[in-house]
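# Survey of secondary and tertiary structure
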Amino acid sequence: MIRTIAYIRKSLIDYYDTNEIESFINIIFNNIYNYSKKEMILNASKKLAEDEFLKIKNIVDQLEQYIPIQYILGSTYFYNLSFNVTPNVLIPRPETEELVDLILKKYSNQKLNVLDIGTGSGCIPITLKKENVIFEMHACDISEKALDVAIKNASNNNTEVNFFKYDALSDKLPKQNDLDIIISNPPYVTEKEKEQMESNVLDNEPHLALFVPNNDPLLFYKAITYKAKKLLKVNGELYFEINEAYGKEMEELLQQNNFEAKIIKDLNGKDRIAFGKLKA
Ligand SMILES: C[S@@+](CC[C@H](N)C(=O)[O-])C[C@H]1O[C@@H](n2cnc3c(N)ncnc32)[C@H](O)[C@@H]1O
């Protein structure tokens, strides 16, 4: 293993910083052997079989093309649960874990009717259902390929979520109403912000999940807020993950639509969650 680790470090040094390379090494050995960091040290002198080395070489070759490790391995962790990911779904982000954590801390063991709009890998509804089994979870996405991944993830994690295809920008409402909570992490990166994005995101993650036009950055938030007014019970709650640049605008949008509004910062101190409670 020591020689293979040296090979990984040497191959990637011109592409990534050293912390990232060490993190790849841990992820690779965890994925192939299920080793923790401690087990890696204990097994450092283990000799790898030829096919095991070739598997690692193949991963390294793809990392050199800046393909995200999660897509190369086909899986990632979110809130300590394992999720399959394909290039048809966004790789779940730590900010979204913060959103899920906020909801779980607020509602332990309450029977609530919950809808997630733009579910991608299904990381939000599956985690909520896993951690609070009495939530009745519904989740939708416009992408059938994303829904296929989400359905598989729900089954792998032994959770029941009602997934359905739905276009959040259409005039129609989904049939689920009388909801207690609506959650959405919709596309929110403007085309002009593209230039500042890392090429590994830009070249590999689905643009359908990421981008909104420059002239209407709140496109999804407006459509979903308007629908939420009709789908939520009085005092029902709306949770959005948002673009840090639009906290103020999001607060105003919610207030104009009869919601009590609050903007919550993420661990990096950036406006990240917009919360609304529907008034009577
Ligand atoms: C930023 S991703 C979020 C994925 C997942 N919820 C997460 O947090 O990792 C946005 C999702 O919205 C979906 N989406 C894009 N346009 C949509 C539309 N018009 N109606 C419903 N979903 C849409 C995309 O397919 C994508 O899965």
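Throughout, residues of each chain are indexed from 1 in the direction in which the sequence is written. Note on the predicted model: pLDDT of at least 70 is required for a residue's local features to be given, and 80 or more for side-chain atom pairs to be given and counted; whole-chain, interface and lining totals, by contrast, use all residues. In computing side-chain values, all of the structure's heavy atoms are included and hydrogens and water are not.

### Notes on the sheet that holds strand 5 (residues 162–165)
- In short, DSSP must find at least two bridges between two strands for them to pair. Secondary structure is summarised from DSSP: a helix means a run of H or I of at least four residues, a strand means a run of E of at least two, and numbering begins at the N terminus for each. Strand order in the open sheet formed by seven strands is 5-4-3-6-9-11-10, and the pairing between neighbours is mixed. Edge strands, defined here as strands with exactly one partner in the open sheet, are strand 5 and strand 10 (259–265). Pairs of neighbouring strands in the sheet enclose a mean axial angle of 15°, with direction left out of account.
- Should any heavy atoms of two residues lie within 4.5 Å, those residues are counted as being in contact. For helices, the fitted axis covers only the stretch in contact; all axes are lines through C-alpha atoms, and the angles between them, taken along N-to-C directions, range from 0 to 180 degrees. Sheet contacts for helix 8 (residues 144–156): strand 4 (136–141) and strand 5; angle to strand 5, the most-contacted strand, approximately 175°.
- Against the sheet, helix 12 (residues 247–256) contacts strand 9 (232–241), strand 10 and strand 11 (271–278), and its axis sits at roughly 160° relative to strand 10.

### Looking at the domain arrangement of the protein
- Note: domain ranges come from an automatic or database domain assignment. Taken domain by domain, the protein holds domain 1 (2–65) and domain 2 (86–278).
- Here the C-alpha centroids of domain 1 and domain 2 sit 34 Å apart.

### Examining the site of the ligand
- Distances are taken per atom, and a residue is near a molecule or strand as soon as one of its heavy atoms is within 4 Å of it. The local shell around the ligand holds 21 residues, among which Gly 118, Asp 141, Asp 167, Ala 168 and Asn 185 are the closest.
- Under this definition, polar contacts are N or O atom pairs within 3.5 Å; protein pairs additionally need one hydrogen-donor-capable and one acceptor-capable atom, and for neighbouring residues in sequence, both atoms have to be side-chain atoms. Asp 141 places a polar side-chain atom, nitrogen or oxygen, 2.6 Å from an oxygen atom of the ligand.
- One of the side-chain N or O atoms of Asp 167 is found 2.8 Å from a nitrogen atom in the ligand.
- Elements with a contribution of two residues or more to the shell around the ligand: helix 7 (123–131) and helix 10 (207–210).
- Across the shell around the ligand, the residue classes tally to 13 nonpolar, six polar and two charged. Asp, Glu, Lys and Arg are counted as charged, while Ala, Val, Leu, Ile, Met, Phe, Trp, Tyr, Cys and Pro are counted as nonpolar; the rest, among them Gly, fall into the polar class.

### Remarks on the pattern of salt bridges
- We define a salt bridge as a contact between a side-chain nitrogen of Lys or Arg and a carboxyl oxygen of Asp or Glu at a distance within 4 Å. All chains considered together, the criterion is met by 15 salt bridges.
- Between Glu 205 and Arg 93 there is a salt bridge; the shortest N-O distance is 2.7 Å. In this pair, Glu 205 sits in the loop between helix 9 (199–202) and helix 10 while Arg 93 sits in the loop between strand 2 (81–84) and helix 6 (94–106), placing the two residues 112 residues apart along the sequence.
- Asp 266 is the partner of Arg 272 in a salt bridge, and the nearest nitrogen-oxygen pair spans 3.0 Å.
- Residue burial is assigned from relative accessible area. The probe radius is 1.4 Å, only protein chains are included, and a residue is buried under 20% of its type maximum, exposed over 50%, and partly exposed in between. Its relative accessible area of 7% is what places Asp 266 among the buried residues.
- One network of salt bridges, in which partners are shared, links Glu 244, Asp 266, Lys 270 and Arg 272.

### Some remarks on the pairing of strand 10
- Bridge count for strand 10 against strand 11 is seven bridges, and the pairing is antiparallel. Along strand 11, the bridge assignment pairs Ala 261 with Gly 276.
- Counting the residues in the hairpin turn of strand 10 and strand 11 gives five residues, including Gly 269, whose phi is positive at 80°.

### Observations regarding the packing of aromatic side chains
- For this analysis, a ring pair means two rings from Phe, Tyr or Trp (six-membered ring only for Trp) whose centres lie within 6.5 Å, classed as stacked if their planes differ by under 30 degrees, edge-to-face if by over 60, and tilted for the remaining angles. Per the counting criterion, the structure on display carries ten aromatic pairs.
- Between Tyr 239 and Phe 275, the aromatic rings sit 5.1 Å apart at their centres with planes inclined by 50°, giving tilted as the arrangement. Placement of Tyr 239 in strand 9 and of Phe 275 in strand 11 is noted, with a sequence separation of 36 residues between them.
- Here Tyr 239 falls in the buried class, since its relative accessible area comes to 1%.
- Three or more aromatic residues link up through ring pairs in this structure, and these residues are Tyr 15, Tyr 16, Phe 24 and Tyr 66.
- Whether a charge lies above a ring is judged from NZ of Lys or CZ of Arg, which has to be within 6 Å of the ring centre and within 35 degrees of the ring normal. Lying across the ring of Phe 211, Lys 194 places its NZ or CZ 4.9 Å from the centre.

### A few points about helix 7
- Counting buried positions along helix 7 yields seven of nine residues, so the element is predominantly enclosed.
- Within the sequence span of helix 7, burial applies to Cys 123, Ile 124, Pro 125, Ile 126, Thr 127, Leu 128 and Lys 129.

### Thoughts on helix 6
- Taking 1.5 Å of rise per residue, the 13 residues of helix 6 would be expected to cover 18 Å, and the 19 Å separating its terminal C-alpha atoms lies within 8% of that figure.
- Buried within helix 6 we find Thr 96, Leu 99, Val 100, Ile 103 and Leu 104. Down the axis of helix 6, the smallest arc covering the buried residues is 130°, so these residues share one side. Away from its buried face by more than 90 degrees, helix 6 exposes Pro 94 and Lys 105.
- In this structure, the buried side of helix 6 is in contact with strand 1 (75–78), helix 7, strand 6 (179–184), strand 9 and strand 11. Each residue after the first adds 1.5 Å to the expected span of a helix. The arc in question is the one spanned by the directions pointing from the helix axis to the C-beta atoms.

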